[in-house]
Each structure stands twice: as C-alpha cells, then as structure tokens.
Amino acid sequence: MESIIFSVEKLGTIGFVGRTLVVGLILYITSRFSPHRAGGQYTGYDFTFFWMMGGLIVSPLYDSKINFLDTVTAAVTIIAMHYLISFIAIKSRTFAKIVYGKAEVLISQGIIQKKNMFKSLIPIEILLSQLREIDAPNINEVETAIFETNGRISVLKKADYMPVTPADLNIPTVEGGLPSILINDGKVIDKNLEKIGHDRGWLACELKKYGVIDMENVYLATIDGTGTIYYSLVK
C-alpha cells in the first residue's frame, strides 16, 4: 500500500498497477465534479484546466517519488480555482470578457469581414466548411456569421434562404414534448406510467394493438406528449 500512495524509490509491477487504478479513480472523480461546461463548450481556461489536470494526475505513474496525497491536494486546488473563475465570470461581465474573450463577426450583411477573419486566425477554407455544415454552401445565402468564444461558428441565413416553418404557413402544431420511458429492457417503469395517469393494464392493451402480447419481450417503449407510443422488441 505504501508503494501505491506514498513516495518510494522504485515502483514494482504491483505498485504500478495499483497506482494506475488510483489514477483512473481520481480522473473519474475530478471529471464527475468538474463544471459540466468544461466537458462541452471549451474556453481558454477550460483547456488549461484539462492540460493541468491530465499531467498532474498521471504524474505518479511516471515518477514513483511523487506522493499521491500531494497529487490529490493539487487536483482539489485546481478544481476549486476553476469553480472560482467560473463564479466570478458569472458575476462580472468585464471579467467574463477577459476570461472567455470576445465573439468576432466574420460575415456581416453577406460581406466577409477580412479584418476579423485575420484577427481570429480563421482561414477562408474553415469558414466555408462551417457554412457547408449548416447547408449554406454559398456565402450569398448568409446574413451573419460569428466566431463564438467556444470556437464554433454560428451562422444566420438571409430571410430568403431560411426554411419555411409551420408558423409561416399558419399551420397549427401540437407540442410533442420529451418522450417518457414506459418499458426498459422488459421492465415496466410504473413511476412514469403514474405520471401520465395510466397503469400496466392500459399499457398492455395499447401494446396489444401493435401485436405485442408479452411486455417482457419489449426492449424499449416510450410515449410522447401527443400520446404516440414507440416500441422496440428484443431481438
């Protein structure tokens, strides 16, 4: 145990395996309690956080003289710093601009802003590829394109090239809402049935309409806000 946790002169095979398991556990805990944004939309200090945490936590595997207790202390300190920076950025817009940076307009009223392209170090090839991803291969279709602080390019098409919506055609729509799981791997979720005011008997009758006799043969069954049931049988 001492070779796993504390500083040792030489790390044997068992000690190395033990330290590897501890490193995996620490990485899971730090990722579990890190701000969720850090795993999705990256900012500059998010990248700094990841680089520091990655190098810090695996360092005991490469140097047996490093004490795991010191590693944990440093990891907790870095996580606290990340939360503190995020909190201050929420409270202060000035500080947020320093931390997150500023969004740059790359296309304005259909015209490419060369100065901002250079400032953001965005080559025209990257801009064109981003436009193709949102089905706007021609720049004359674009009203505005902005290089966001998270590294993505958001695009607003001109009105003539926007897709038609039911509201444009005055077509009434029904809100479907998020589907609720009724059966998961053959097991009925009674709690979700109660939320929609039904029981197992009702569910069994509804599934029989689709030819499903045994609910244990259903891998997944869901219902949306319109009452539409989706099911998939066990293969």
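A.B. asks: Is there a simple way to think about the overall build of the chain in this case?
C.D. replies: Assigned secondary structure in the chain consists of nine helices and eight strands. In the chain, which comprises 235 residues, the proportion classed as buried is 29%. Summarising the internal contacts of the chain: among those between residues at least 6 apart in sequence, 49% fall at separations of at least 24. For the chain, the computed accessible surface area is about 16,000 Å², with 61% contributed by carbon and sulfur atoms.

A.B. asks: What's the story with unusual backbone geometry in this structure? I'm lost.
C.D. replies: Most peptide bonds are trans, and most residues other than glycine sit at a negative phi. If you check the backbone angles, Leu121 has positive phi at about 55° while not being a glycine. You can see Leu121 is positioned in the loop between helix H6 (114–119) and helix H7 (124–133). Taking the relative accessible area as the measure of exposure, Leu121 reaches 68% and is therefore exposed. Positive phi, close to 55°, is recorded for Asp185, a residue that is not glycine.

A.B. asks: Looking at this structure, I do not really get a nonpolar patch on the surface. What am I missing?
C.D. replies: On the surface, a nonpolar cluster with roughly 280 Å² of combined accessible area is contributed by Leu84, Phe87 and Ile88. With respect to the element layout, Phe87 can be found in helix H4 (residues 68–91).

A.B. asks: Would you take a moment to explain the nonpolar core for this structure?
C.D. replies: Nonpolar side chains tend toward joint burial in soluble globular proteins. Counting twelve residues, the largest nonpolar core consists of Leu182, Ile183, Val188, Leu193, Leu203, Leu207, Val212, Met215, Val218, Ala221, Ile223 and Ile229. Among the secondary structure elements, those contributing two or more residues to this core are strand E5 (180–184), helix H9 (200–208) and strand E7 (218–223). Ile183 has contacts with Val188, Ile189, Leu203, Leu207, Met215, Val218, Tyr219, Leu220 and Ala221, leaving out every residue within four places of it along the chain. One finds Met117, Ile122, Leu127 and Ile153 within the second-largest nonpolar core, a separate group that totals eleven residues.

A.B. asks: What am I meant to see in the pattern of salt bridges here?
C.D. replies: Close approach of charged atoms allows side chains of opposite charge to pair. Within the structure shown, the criterion is met by three salt bridges. For Arg200, the salt bridge identified is with Asp190, shortest N-O distance 2.8 Å. Here Arg200 is found in helix H9, whereas its partner Asp190 is found in helix H8 (residues 190–195), with ten residues between them in sequence. Residue classification places Asp190 among the partly exposed residues on the basis of a relative accessible area of 31%. One salt bridge connects Glu206 with Lys209, and the closest N-O pair in it is separated by 3.1 Å.

A.B. asks: Whenever I open this one, the sheet that holds strand E1 (residues 104–108) confuses me. Can you help?
C.D. replies: The pairing of strands in a sheet happens through backbone hydrogen bonds and is either parallel or antiparallel. Spatial ordering of the open sheet is given by E2-E1-E3-E4, a layout of four strands whose pairing is antiparallel. Looking at which strands have only one partner, the edges of the open sheet turn out to be strand E2 (111–112) and strand E4 (153–157). Examined bridge by bridge, strand E3 (residues 142–147) and E4 share five bridges and lie antiparallel to one another. Within E4, the residue paired with Val142 across the bridge is Lys157.

Cut-off values and rules
- Residues numbered from 1 in each chain as written.
- Predicted model: local features only at pLDDT ≥ 70, side-chain atom pairs only at ≥ 80, totals over all residues.
- Heavy atoms only, no water.
- Helix = DSSP H or I, 4+ residues; strand = E, 2+ residues; numbered from the N terminus.
- Buried < 20%, exposed > 50% of the residue type's maximum accessible area, 1.4 Å probe, protein only.
- Contact = heavy atoms within 4.5 Å.
- Areas by Shrake-Rupley, 256 points an atom, 1.4 Å probe, with all protein chains shown as cover.
- Patch = residues over 30% accessible without salt bridge, like charges linked within 9 Å, V, L, I, M, F, W, Y side chains within 5 Å.
- Salt bridge = Lys/Arg side-chain N within 4 Å of Asp/Glu carboxyl O.
- Core = buried A, V, L, I, M, F, W, Y, C linked by side-chain atoms within 4.5 Å.
- Pairing = 2+ DSSP bridges.

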